[in-house]
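# A structural walkthrough
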Protein chains: 2
Amino acid sequence: MSASRPAKAAPDASRRSERSRRAIFDAALALVSETGYAKTTIEGIAARAGVGKQTIYRWWPSKAAVLLDAFLDLAARANEALGGDADSEIPDTGDLAADLKHVLRATVDELNDPAFDAPTRALAAEGIVDPELGARFTEALLEPQLRYYVRRLEAARAKGDIDPDADLRIAVELLVGPLHHRWLHRTGPLTHAYADALVDHALRGLAPRT
Amino acid sequence: MSASRPAKAAPDASRRSERSRRAIFDAALALVSETGYAKTTIEGIAARAGVGKQTIYRWWPSKAAVLLDAFLDLAARANEALGGDADSEIPDTGDLAADLKHVLRATVDELNDPAFDAPTRALAAEGIVDPELGARFTEALLEPQLRYYVRRLEAARAKGDIDPDADLRIAVELLVGPLHHRWLHRTGPLTHAYADALVDHALRGLAPRT
C-alpha cells in the first residue's frame, strides 16, 4: 500500500484512454437504448461518460462513427463471453447442424439480453429508415457475420454435406432471416428449442439429394 | 351540364366522408414516410389532408389508430392492384411452389414501390423500438398475413405435398423471414428471380421424405 510503489503510480495515458473509451461506448449504447438514435448526441454521450466533448471528437468524426465502434465492441465482447474465438468464425467440429445450433442458440441468448437487445433494436430501426447509415452498419456489422456463415457452409459443401446446387447466400438467409423476423416483430418466443428447430428445417432443404 | 340535374347535386355526406378519409390516409402515409413516425402528428395530417383536426378525432382516437387504418387500407389496395381477392387468401391452384412464387413476387413488387416501401419502413422502424405499438401493428397487419401462409401450407400438407412433421409456423418464417431481412437491411437485390429461388430453397426442406 506504499504510495511509492511504481505499480501504484497514476494510470498512464494509455490506461486512461482505455477507460475513457470504455465509458464512451457504455454511454453511447445506454443513450441510444433509452432515447433512440435521433436523440443521441455527442454532447449527451460526453456528459454521461464524464469526458469532454473534445475527447470524443479527437477519436471519432461523428455520432455514427462512435456508435459503429461501440456496436463492434459490443459484438466482440458478446462473442468472447460466449467462448467464441477473436475473429468470430463459426466453429467447425465436422457436425454442421450442431455447429449452427450452437451459434443460433448463442444469438438467441444475445437477443434475450436487454444489454444487447435494446441498442441493437435502436440501431436496426435507424438503419431501416436511413439508407446511408443503414448501409454503413450493414457493411461493418451484418455482412461480416453473414460471411462467417457462408464460409462454414462452404466447408460443409466441400465435405458433401450440402447440395452443390444450393445458393449459399440464400442458405444463410434461411438461418438468420426467420430468427431476425421473429425477434424484430416479436411474433414468437426466442428459445433454444426454436433455434434448433430452425436449423433442422433449414438444413433439410440444403442436404444433398440422395 | 344543367345545374338542376339531380346527379350533379353537391356530393352527399357519405361521399364527402369517403373523400376526407382518403385524403387523411394519403396525408398520414406521406408524412410518416417523409418525417418518420415520431414527428407525424394529428395536426400535421389534418393540415396536409385539408381537413379540420376535429374531423380526424371524430373517427380515430390517436395517431397510431389513424396510421393503423391507413396501412390496412394501403395493404388492401396493394392486394387489389395485384389481382388478389378481397380477403387476401393465398391462391390455391394445386401447385404450391407456383402459388408461393406468385405471392412472393408480388411482395417483391410492393417492396420495390416507393409508395409502399417508405411508409412500411417507417412503421417497421417504430414498431421495433416501441413494443406496445409494435404489438398492435404485428397483430393487425403482420399476423393475418402469416396466417394466410399457414392456411395455404395446411392445404398442401393435407394433400401430401408437405412433410407431416414440418412446423408450419417455421415454414412460413422460412419464406417471409429471408425476404424481409434482405429488404430491411438492403443486403441484396429484391427480384422475381430471388423470390423464386427462395421458394425453391424453402420448399425443398418441407417436402415429404421419400
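Reading guide: rules and limits
Residues numbered from 1 in each chain as written. Chains lettered and ligands numbered in written order. Predicted model: local features only at pLDDT ≥ 70, side-chain atom pairs only at ≥ 80, totals over all residues. Heavy atoms only, no water. Helix = DSSP H or I, 4+ residues; strand = E, 2+ residues; numbered from the N terminus. Buried < 20%, exposed > 50% of the residue type's maximum accessible area, 1.4 Å probe, protein only. Contact = heavy atoms within 4.5 Å. Areas by Shrake-Rupley, 256 points an atom, 1.4 Å probe, with all protein chains shown as cover. Lys, Arg positive; Asp, Glu negative; His and termini not counted. Charge placed at Lys NZ, Arg CZ, Asp CG, Glu CD. Expected span 1.5 Å × (residues − 1). Buried area = accessible area lost by both parts, 1.4 Å probe. Salt bridge = Lys/Arg side-chain N within 4 Å of Asp/Glu carboxyl O. Polar contact = N/O pair within 3.5 Å; in protein donor to acceptor, adjacent residues only side chain to side chain. 1 Å grid on protein atoms, 1.4 Å probe; cavity = no way out; pocket = protein on both sides within 12 Å on 5 of 7 lines; lining within 4 Å. Points joined across faces, edges and corners; volume = space filled by probe spheres on them. Nonpolar A, V, L, I, M, F, W, Y, C, P; charged D, E, K, R; others polar. Domains from an automatic or database assignment.

### Topic: the overall build of chain A
Along chain A, the regular secondary structure elements total nine helices and zero strands. When the helices and strands of chain A are read in sequence order from the N terminus, they spell out α-α-α-α-α-α-α-α-α. When the 210 residues of chain A are sorted by exposure, 47% land in the buried category. For chain A, the proportion of contacts with a sequence separation of at least 24, taken over those separated by at least 6, is 67%. If you sum the accessible surface of chain A, you get close to 10100 Å²; carbon and sulfur atoms cover 55% of it. Side chains of chain A carry 27 positive and 31 negative charges; the gap between the two charge centres is 7 Å.

### Describing helix α4 (residues 63–81) of chain A
Residues and elements named next belong to chain A. With 19 residues, α4 ought to run about 27 Å at 1.5 Å a step, and its terminal C-alpha atoms sit 27 Å apart, in line with that. Of all the residues in α4, the buried ones are K63, A64, A65, V66, L67, L68, A70, F71, D73, L74, A78 and N79. Summarising the contacts, the buried residues of α4 are in contact with α1 (13–35), α2 (42–49), α3 (53–59), α5 (96–111), α6 (114–129) and α7 (131–158).

### So, the interface of chain A and chain B
Between chain A and chain B, the contact holds 41 residues from the first and 41 residues from the second. Buried surface at the junction of chain A and chain B, summed over both partners, amounts to about 3500 Å²; 62% is from carbon and sulfur atoms. Among the residues chain A hides against chain B, the three largest losses belong to I128, H201 and R204 of chain A. Together they make up 22% of the total. Where chain A meets chain B, there are four salt bridges. Across the pair D163 of chain B and R204 of chain A runs a salt bridge, and its minimum N-O distance is 3.4 Å. Remark: the boundary between chain A and chain B carries 23 residue pairs in polar contact (both at pLDDT 80 or more). If you list the elements that add at least two residues to the side of chain A that touches chain B, you get α6, α7, α8 (168–185) and α9 (192–206) of chain A.

### Some remarks on empty space enclosed by the protein
Going through the model one piece at a time under the given rule, you end up with one cavity of 30 Å³ or more. Taken as a whole, the largest cavity holds about 30 Å³ of empty space. Residue lining of the largest cavity: G177, H180, H181 and L184 of chain A together with G177, H180, H181, L184 and H185 of chain B, and that is the complete set. Broken down by secondary-structure element, the contributors of at least two residues to the lining of the largest cavity are α8 of chain A together with α8 (168–185) of chain B. Sort the elements by how many residues they give to the lining of the largest cavity and α8 of chain B lands first, with five residues. Partitioning the lining of the largest cavity into residue classes produces two nonpolar, seven polar and no charged.

### Quick look at the domain arrangement of chain A
Residues and elements named next belong to chain A. Each assigned domain of chain A is listed with its residue range as follows: domain 1 (11–63) and domain 2 (82–210). Taken over C-alpha atoms, the centre of domain 1 sits 30 Å from the centre of domain 2. Listed by partner, the interface residues are six residues for domain 1 and six residues for domain 2. Carbon and sulfur atoms supply 71% of the area that domain 1 and domain 2 bury against each other, a total of about 480 Å² over both sides. When the buried surface of domain 1 facing domain 2 is broken down by residue, V32, S33 and Y37 rank first, second and third, together holding 78% of it. Counting across the domain 1 and domain 2 interface gives zero salt bridges. One can count zero residue pairs in polar contact (both at pLDDT 80 or more) joining domain 1 with domain 2. Partitioned by chemical class, the residues of the side of domain 1 that touches domain 2 number four nonpolar, two polar and no charged.

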